[in-house]
Amino acid sequence: MTGVIIQRIKEIRQQLPESVRLIAVTKQVPPAAMREAYAAGVRDFGENRIQEAELKQTQLQDLPDITWHLIGHLQSNKARKAVEIFDWIHSVDSLKLALRLNDLAGELFLQPQVCLQVKLLSDPNKYGWTVAELLAELPELDKCSNLQIQGLMTIGPLELDVSESLALFQHTWELADRIRQKNWLNIHMNHLSMGMSSDYQLAVQAGATMVRLGRIIFGERTPLLS
Ligand SMILES: *Cc1c(COP(=O)(O)O)cnc(C)c1O
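Residues numbered from 1 in each chain as written. Predicted model: local features only at pLDDT ≥ 70, side-chain atom pairs only at ≥ 80, totals over all residues. Heavy atoms only, no water.

**Let's talk about the site of the ligand**
Part 1: Neighbouring residues of the ligand: Val 25, Lys 27, Ile 71, Ile 155, Met 196, Ser 197, Arg 212, Leu 213, Gly 214, Arg 215 and Arg 221.
Part 2: The separation between an oxygen atom of the ligand and a polar side-chain atom of Lys 27 is 2.6 Å.
Part 3: One of the backbone nitrogen or oxygen atoms of Gly 214 is found 2.9 Å away from an oxygen atom of the ligand.
Part 4: Protein chains bury 93% of the 380 Å² of accessible surface belonging to the ligand in isolation.
Part 5: Of the residues that constitute the shell around the ligand, the class distribution is five nonpolar, two polar and four charged. (Near = heavy atom within 4 Å. Polar contact = N/O pair within 3.5 Å; in protein donor to acceptor, adjacent residues only side chain to side chain. Areas by Shrake-Rupley, 256 points an atom, 1.4 Å probe, with all protein chains shown as cover. Nonpolar A, V, L, I, M, F, W, Y, C, P; charged D, E, K, R; others polar.)

This is the structure we're talking about:
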């Protein structure tokens, strides 16, 4: 197995524009594999569970320059810990959560970078704002001065074909552009976090600045025992 992860990362990087940030999604991936990714130059790691991320940060504390990204749904009662241990939170999916994170960030003297998670197609499994909800709540979000609101995040529903996925990512880009037209104090639209192993090339074509890749780097995930 040794070298496979490094090889895969090399191949992916060759296809990605220089400006696109590769986030290695390491849920259920052991620290040894993360070290390989690190050796291949990866400095951005994405996790979807607080506890697992905390454990890995301990296990990898000799690697000082990692940027940690939370990409999974965040429950309110874990918000404080999330602000403490993540540099980026991609999955801010409601005004209530944003306000809570903003308060906590103020208390902790931290200014996390966040993305607003949007849901452009109805998908019962996915969290996020609809377009109408988000546009209505932007004035409130703009007051969250402890958050660095950097852009939008989206997850494509599984069942989309190529043209539907591309359209979804393009619509996300257009939404960011539309938001950018207004002069917000605090809302920036510099980033689009979109694209996973199965659809990242389409996302990049549509203007993604961050792709979140798990299986294509580390192989299929096997559910952890216990
Ligand atoms: C698991 C996950 C990914 C990575 O998915 P792969 O198909 O393994 O590339 C990306 N984004 C989110 C939000 C995820 O939960």
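**Here's the deal with the packing of helix α6 (residues 131-141) against helix α7 (residues 162-180)**
Part 1: Two elements in contact, α6 and α7, have axes separated by 12 Å at closest approach and are oriented at 20 degrees. Considering the angle they form, α6 stands roughly parallel to α7. For the crossing formed where α6 meets α7, the hand is right-handed. Contact with α6, carried on its side by Val 131, Leu 134, Leu 135 and Leu 138, involves Leu 175, Arg 178 and Ile 179 of α7 and no other residues of that element.
Part 2: Of the residues in the contact of α6 with α7, the class split is six nonpolar, no polar and one charged. (Axes fitted to C-alpha atoms, helices over the stretch in contact; angles between N-to-C directions. Helix = DSSP H or I, 4+ residues; strand = E, 2+ residues; numbered from the N terminus. Parallel < 35°, antiparallel > 145°, perpendicular 65-115°, else oblique. Left-handed = near helix turned anticlockwise from the far one by under 90°. Contact = heavy atoms within 4.5 Å.)

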